[in-house]
Amino acid sequence: AEAARQLEQAKAIARSGGTPNPASDGQFALTAAVVAGISDDVDYAQRAPALAQFLASGPQDDHEKRGQAYVFLSYDKFRQGDLDGAEHLIALAAAEYAETDAVFGSLFLHVHRILHLYWRNELEEALGEAQLAQHAARIFFPDDQRLCAMASMLRAGLLLELGRPDHATDLTHLVGTVGALESWSEIQIWCHVHAARAAFARGEISEARGIIAFGLDVAKRLDAPRLDWVLQLLGADIALEAGERDRAQQAGAALGIASRQGLAGLPAFLTWQERIEGALVG
C-alpha cells in the first residue's frame, strides 16, 4: 500500500511539469506492474494498456525494459487463465532479453516460465527451467538469500511433484527464508503449499499445520489476501486427506466453498487456479 502511494505521488510530481515524458511514463508503467503483482491487484484494465503503450511508443532498443514489460503482460494473461497468450508473451520477452546481459530480469523470465509450464502439467520442462534459474542465482547472486531460496524452492517443489523429492534440500529452512524475505504472493504460495505438502507426505501433519500457520502470519504482514485464502484452503484439504471431516467442513464453510452459491461469490483477487482448487475441495 505504501509503495502504491509513493508511486502515485511520483506520478503527480511528473505530471505537474506539464510536458509529457514517454520515458517516465514507461518507467511508471513498469513500476506499477511490479507493485500490482506483489499486492494481488487484479485490475488488468489499468495496467496492461500502459505497458502496451510503452512497448508501442517507447525506445525499441531498450531491450531490458521491453523484456520486463512483456514478462508483466504475460503474468497478467497467466492470471486470467489465458495460457496460450502468456506463452506468446514469454517468448517475446525471451527475445528481448537475448539482446541484453540482464541476468536479474532473465532469472525472473525463468520463474514465469516455470509457473506457466507447471500449470500446463509439463513438469519435466518446468524442472529444466528451475534448474537454470537456480544455476543463475548461485552464479550471479550467491549472497542474495531471497533469490537463492526462491530458486531452490521452485526446484524442490517440482521434484516433489515428480515423485523425486530432494532429500538434501531442507524445505522447512527454505520456507522460513522465503517467508521472511519474499514479497511476491505467487512465490509465497508456491513455497508454503509445497513445504506443507512435503511435511504431510512424510506423515508430519503437525509440521504441515505449523507451516500453514507461519504462512498465515506472513500473509497478514504482507497484506496478501491470496496467500491467506490459499493457505486456509490447504488446511481444509489436508484435513480432508487426514480423514478429519468436521475440521475440513468448518474450514470450507469459513472460506465460503461449501455451496455452489459460495463458489459463485469468491473474492475478486483469486485467480483461475484458486477458483478451480476451491471448487475441487468444496
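Not measured: the values here are computed from a predicted model.

Procedures and definitions
Residues numbered from 1 in each chain as written. Predicted model: local features only at pLDDT ≥ 70, side-chain atom pairs only at ≥ 80, totals over all residues. Heavy atoms only, no water. Helix = DSSP H or I, 4+ residues; strand = E, 2+ residues; numbered from the N terminus. Buried < 20%, exposed > 50% of the residue type's maximum accessible area, 1.4 Å probe, protein only. Contact = heavy atoms within 4.5 Å. Areas by Shrake-Rupley, 256 points an atom, 1.4 Å probe, with all protein chains shown as cover. Phe/Tyr/Trp six-rings, centres within 6.5 Å; stacked < 30°, edge-to-face > 60°.

J.: How should the overall build of the protein be read in this particular structure?
T.: Per the secondary structure count, the protein includes 15 helices and 0 strands. The 282 residues of the protein split such that 45% are buried. Sequence separation of 24 or more characterises 62% of the internal contacts of the protein that already satisfy a separation of 6 or more. Summing over all exposed atoms, the protein offers an accessible surface of approximately 13700 Å²; the carbon and sulfur share of this is 54%.

J.: How should the packing of aromatic side chains be read in this particular structure?
T.: Here the distance between the centres and the angle between the planes together describe a pair of aromatic rings. Applying the stated criterion across every chain, the model contains 9 aromatic pairs. A ring pair is formed by Phe-108 and Trp-184, whose centres lie 6.4 Å apart and whose planes are at 45°; its orientation type is tilted. With Phe-108 in helix α6 (residues 103-119) and Trp-184 in the loop between α9 (171-181) and α10 (185-201), the pair connects residues that are 76 residues apart, well separated along the chain. A relative accessible area of 14% means that Phe-108 is categorised as buried. Residue Trp-184 is classed as buried on the basis of its relative accessible area of 8%. One aromatic cluster is present, formed by Tyr-75, Phe-78, Phe-104, Phe-108, Tyr-118, Trp-119, Phe-141, Trp-184, Trp-190 and Trp-272 through successive ring pairs.

J.: Before we go on, may I ask you to explain α9 in this structure?
T.: For an α-helix the count is 3.6 residues per turn, leaving residues at separations of three or four pointing the same way. Where α9 is concerned, the buried positions are Leu-171, Leu-174, Val-175, Thr-177, Val-178 and Gly-179. The elements touched by buried residues of α9 are α8 (145-161), α10 and α11 (205-222).

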